[in-house]
Amino acid sequence: MREYRTKRLVLKVVDSTYADKVLDYQLRNKRFLKRWEPRKANNYYDIYHQKKILVKELQAITRGDMLRLWVLKKDDMDKIIGSVSFTSIERHAFLSCYLGYRLDQNETNKGYMTEAVRKGISIMFNQYKLHRIEADIMPNNVSSLRVAQRLNFINEGISYKFLKINGRWEDHIRMVKFNHRV
């Protein structure tokens, strides 16, 4: 499996053998992440469902359609603390993708997500040779907006009623970063 390192973190592409660690992360953060994410199916918090998700994601990663990096601290490799995902990777004239990120509720405000996303952007721009990365963030998600701002994303405006979160259509701020070397 692919693995990338930063000063304090390890970012890994994982397979279904990590389903227990992924499920542990999901369960620990279920209430915390609920306000920012679409509703989950009833079986989402089931080990078998998590294994199926990881198998499908690994297939998409192998095809080059997405990249999800699970985040671990170097000093605690048994516990996932977040993920950074690049989805809907488009090639040809578009050369773009969407960015999503989430962090364990007990690890916020320590700079981990900025560090992880910075590394992910480097991978997308230097290895995947993408031109544009878009992060769509709810206006009241101040922490996520701060990460994008620290990494010099540009605010391109509002996407009205962009994504259904907890049964309600929510506006999102379209934050974009460009690779000027492509």
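Visitor: Just to check I follow, could you spell out the packing of aromatic side chains for this structure?
Guide: Two measures describe an aromatic ring pair: the distance that separates the ring centres and the angle between the ring planes. Tallied over the full model, the rule gives 2 aromatic pairs. Measuring from ring centre to ring centre gives 6.2 Å for Tyr25 and Trp70, while their planes differ by 75°; the resulting arrangement is edge-to-face. In this pair, Tyr25 is assigned in helix H1 (residues 19–28) and Trp70 in strand E3 (residues 67–73), connecting sequence segments 45 residues apart. Summarising the burial analysis for this pair, Tyr25 and Trp70 share the class buried. Between Tyr44 and Tyr45 the ring centres are 5.0 Å apart and the planes differ by 85°, which places this aromatic pair in the edge-to-face class.

Visitor: Before we go on, may I ask you to explain the pairing of strand E6 (residues 132–137) in this structure?
Guide: Consecutive side chains of a regular strand alternate in pointing toward one face of the sheet and then the other. Buried residues dominate E6, accounting for 6 of its 6 residues. Side-chain alternation along E6 places Arg132, Glu134 and Asp136 on one buried face and Ile133, Ala135 and Ile137 on a second face that is also buried. Taken together, the 4 bridges between strand E5 (residues 96–103) and E6 define a ladder with parallel strand orientation. In the strand pairing of E6, Cys97 is matched with Ile133. Tracing the backbone out of E5, into helix H4 (residues 112–126) and back to the parallel element E6 gives a crossover that is right-handed. Pairing analysis gives 6 bridges linking E6 to strand E8 (residues 168–178), with the strands arranged antiparallel. When the sheet's bridge partners are listed, Ile133 is paired in E8 with Lys177.

Visitor: Help me out: how do you make sense of helix H3 (residues 47–63) in this one?
Guide: It helps to recall that an α-helix has 3.6 residues per turn; residues three or four apart then point in one direction. Under the 1.5 Å per step criterion, the end-to-end length of H3 is 25 Å for 17 residues, consistent within 8% with the ideal 24 Å. Within the sequence span of H3, burial applies to His49, Gln50, Leu54, Glu57, Ala60 and Ile61. Each buried residue of H3 lies within a common arc of 135° when the element is viewed along its axis, so the set occupies one face. The exposed residues of H3 that point more than 90 degrees off its buried face are Tyr48, Lys52, Lys56, Thr62 and Arg63. Tucked into the core, H3 has its buried residues touching H1 and E3. In this structure Asp46 caps H3, since a side-chain oxygen of it lies 2.8 Å from the backbone nitrogen of Tyr48.

Visitor: Looking at this structure, I do not really get the pattern of salt bridges. What am I missing?
Guide: Side chains bearing opposite charge may pair, as long as their charged atoms lie close to each other. A full pass over the atoms with the stated rule returns 15 salt bridges. One salt bridge in this structure joins Glu115 and Arg8, with 2.7 Å as the shortest N-O distance. With Glu115 in helix H4 and Arg8 in the loop between strand E1 (3–5) and strand E2 (9–12), the pair connects residues that are 107 residues apart, well separated along the chain. Since its relative accessible area comes to 30%, Arg8 is described here as partly exposed. Here Arg174 ties to Glu156 by a salt bridge, and the two come within 3.4 Å at their closest N and O atoms. With Arg174 in strand E8 and Glu156 in strand E7 (residues 154–165), this residue pair connects regions lying 18 residues apart in the sequence. Its relative accessible area of 22% is what places Arg174 among the partly exposed residues. Note on Glu156: relative accessible area 34%, which makes it partly exposed. Connected through salt bridges with shared partners, the residues Arg132, Glu134, Glu156 and Arg174 form a single ionic network.

What counts, and where the lines are drawn
- Residues numbered from 1 in each chain as written.
- Predicted model: local features only at pLDDT ≥ 70, side-chain atom pairs only at ≥ 80, totals over all residues.
- Heavy atoms only, no water.
- Phe/Tyr/Trp six-rings, centres within 6.5 Å; stacked < 30°, edge-to-face > 60°.
- Helix = DSSP H or I, 4+ residues; strand = E, 2+ residues; numbered from the N terminus.
- Buried < 20%, exposed > 50% of the residue type's maximum accessible area, 1.4 Å probe, protein only.
- Pairing = 2+ DSSP bridges.
- Right-handed = clockwise from strand over helix to strand, strands pointing away.
- Expected span 1.5 Å × (residues − 1).
- Arc of directions from axis to C-beta.
- Contact = heavy atoms within 4.5 Å.
- Polar contact = N/O pair within 3.5 Å; in protein donor to acceptor, adjacent residues only side chain to side chain.
- Salt bridge = Lys/Arg side-chain N within 4 Å of Asp/Glu carboxyl O.

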